[in-house]
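Each chain, letter by letter, is given below.
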Amino acid sequence: MSGTTSCRLPIALGAVVLLAASAAASERALDHANPPRTLTVEHAEILIADRDGSPARGFLTIWNGTDTPAYLAAVRSETFASTTIMRTPFNSDDDVAELVSGPLLIPAHAELQMRRGGIHLALADPASPIEQSESERMMLIFDDGREVEVSAHLVPTSDLLTNHRHGEGDRAAN
């Protein structure tokens, strides 16, 4: 390898890493006919209260357009001291959620959609009362060391959660 080629390689790799990080953090409408070949957070929402008085819960929709699986290892929040990935067993009451052990698989060319009665985030021990701001920052940590910061929209009731259908338009949940 020549001297000029070896000098260009770190610069080119840095540009690729920056491009991938910005694409992953973008929360924009995805073109499902031509999805990006990156890890992209389509939706991030925090249900701060619901009629049943349950604690705050987080819901993410993550598209993995890469050729390799991704593994979500943890989620951090400055607002909540405890952020846990939970799973409600099939045909169970939504209150019977159990801790997800180990990183959560997002297969290549597939989507992880967190929802009530399924995989979701349990958010507990707020550092202070949750302000009625529009959003809260969350950090997604993957098992390969990649970290993606997203802005999660605060939603006051489950009626206002996004009902995401891959390839169709999003709408408010019913």
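Residues numbered from 1 in each chain as written. Predicted model: local features only at pLDDT ≥ 70, side-chain atom pairs only at ≥ 80, totals over all residues. Heavy atoms only, no water.

**Student:** Describe the nonpolar core, listing the residues and the values that go with them.
**Tutor:** One broad rule of soluble globular proteins: the nonpolar side chains tend to lie buried together. Counting residues in each nonpolar core, the largest one holds 32 residues, and the members touching the most others are I46, I62, L72, M114 and L140. Looking at this core, the elements that each hand over two or more residues are β1 (39-47), β2 (57-64), β3 (70-77), β4 (80-87), β6 (104-106), β8 (119-126), β9 (135-142) and β10 (147-155). For I46, the residues in contact, after removing those within four places along its chain, are A56, R57, G58, F80, L123, E136, M138, A152, H153, L154 and V155. (Core = buried A, V, L, I, M, F, W, Y, C linked by side-chain atoms within 4.5 Å. Buried < 20%, exposed > 50% of the residue type's maximum accessible area, 1.4 Å probe, protein only. Helix = DSSP H or I, 4+ residues; strand = E, 2+ residues; numbered from the N terminus. Contact = heavy atoms within 4.5 Å.)

**Student:** Which residues make up the pairing of β10, and what are the values?
**Tutor:** One ladder, built from 3 bridges, connects β1 with β10; its direction is parallel. Within β10, the residue paired with E45 across the bridge is H153. Taken together, the 7 bridges between β9 and β10 define a ladder with antiparallel strand orientation. Directly across from R137, in β10, lies its bridge partner S151. (Pairing = 2+ DSSP bridges.)

**Student:** Can you lay out the side chain of E136 for me, pointing to particular residues and giving the numbers?
**Tutor:** Within the secondary structure, E136 is located in strand β9. Of the side chains with opposite charge, R137 comes closest to the buried, unpaired E136, at an N-O distance of 8.6 Å. With near-sequence residues (within four places) excluded, E136 lies in contact with I46, T79, V150, S151, A152 and L154. (Lys, Arg positive; Asp, Glu negative; His and termini not counted. Salt bridge = Lys/Arg side-chain N within 4 Å of Asp/Glu carboxyl O.)

**Student:** Break down the pattern of salt bridges for me, with residues and values.
**Tutor:** Opposite charge on two side chains makes pairing possible when the charged atoms of those side chains draw close. Summed over the entire model, instances satisfying the criterion amount to 3 salt bridges. A salt bridge links D67 to R37, with the shortest nitrogen-to-oxygen separation between them at 2.9 Å. Of this pair, D67 sits in the loop between β2 and β3 while R37 sits in the loop between α1 (3-25) and β1, placing them 30 residues apart in sequence. Of the charged contacts in the structure, one is a salt bridge between R137 and E149, with a shortest N-O distance of 2.9 Å. Separated by 12 residues along the polypeptide, R137 in strand β9 and E149 in strand β10 bring together distant segments of the chain.

**Student:** Before we move on, could you go through the environment of P156 and cite the residues and values that matter?
**Tutor:** Note on placement: P156 falls in the loop between β10 and β11 (162-163). In sequence terms P156 and L47 are 109 residues apart; their C-alpha atoms lie 5.9 Å from each other.

**Student:** I'd like to hear about the confidence of the model for the protein chain, residue by residue, with values.
**Tutor:** Per-residue confidence for the protein chain averages 79 on the pLDDT scale, and 70% of its residues sit at or above 70. Confidence drops under a pLDDT of 50 for residues 5-26, and excluding neighbours within four residues, the segment shows 12 contacts in the predicted structure. (pLDDT = per-residue confidence, 0-100.)

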